[in-house]
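What follows is each chain in one-letter form.
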Amino acid sequence: MNSYTFFEDIAVFESKNEKNNILCGYITIHGEIIADAQFDVAWPFYKGFARVKKGNYWSVINTQGDICLPFDSKYERIEICDDLFKVTKADRFGFVDATNTVIVPLEYDWCFNFFEHVAIVKKNNLYGVVHDTGTLVADCVYSCIKPFAQGKAIACKDSVWGVLHIDGSFSV
């Protein structure tokens, strides 16, 4: 059994199955196995969760080894973003929580990570903004939105640059 560096007192370990395939599981700093070697890919823990892959699909487990997002959700990609997970399914991006409840619908071409409780989203080559509660803050009508800082972002709409405020208002 090979083991790797501990993150949040839990490490990924590798073990060969009866077919001589290498599978991954998780072991605590105290030697307790919280997830048997069953995953094709296993990432380190981050903020209480770890990304795992079986076959073509991804899921997330918690520090107790419980699977939070079922593999039959068929997520092609998962990224841990604070209290939400950025997920991809059929090349559409959105966000779900640890109970697999959709917070931001999987309807975007791309979603950036949340910062200051908002994420920039892309749809049909235009950008908008969603709140981490799932509320659409700004429609996808901007050709460019720079990252938010102190509740404001530089944005371009109809070839006019201005300031996009965190409440969705735009001023020139």
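The structure this text deals with has already been given above.
Residues numbered from 1 in each chain as written. Predicted model: local features only at pLDDT ≥ 70, side-chain atom pairs only at ≥ 80, totals over all residues. Heavy atoms only, no water.

The element strand β8 (residues 77–81) is extensively covered by neighbouring structure, given that four of its five residues are classed as buried. Inspection of the sheet shows β8 paired to strand β9 (residues 84–89) by five bridges, in the antiparallel sense. Among the inter-strand pairings, Glu79 is bridged to a residue of β9, identified as Lys86. The hairpin turn running from β8 into β9, its antiparallel successor, is two residues long, and Asp82 in that turn takes a positive phi close to 55°. (Buried < 20%, exposed > 50% of the residue type's maximum accessible area, 1.4 Å probe, protein only. Helix = DSSP H or I, 4+ residues; strand = E, 2+ residues; numbered from the N terminus. Pairing = 2+ DSSP bridges.)

Tracing the backbone through its elements, the reader meets Lys123 in strand β13 (residues 118–123). For the pair Lys123 and Trp110, spaced 13 residues apart in sequence, the C-alpha to C-alpha distance is 7.2 Å. Dropping the residues within four chain positions of it, Lys123 is found in contact with Glu107, Tyr108, Asp109 and Cys140. At 3.2 Å, the side chain of Lys123 and the side chain of Glu107 are in polar contact. (Contact = heavy atoms within 4.5 Å. Polar contact = N/O pair within 3.5 Å; in protein donor to acceptor, adjacent residues only side chain to side chain.)

What follows is about the sheet that holds β13. The sheet built from four strands is open, its strands ordered β12-β13-β14-β15 with antiparallel pairing. Taken across any chain shown, the strands that pair with only one partner, and hence form the sheet edges, are β12 (110–111) and β15 (136–142). Pairing analysis gives two bridges linking β12 to β13, with the strands arranged antiparallel. Residue pairing across strands places Trp110 opposite Lys122, the latter belonging to β13.

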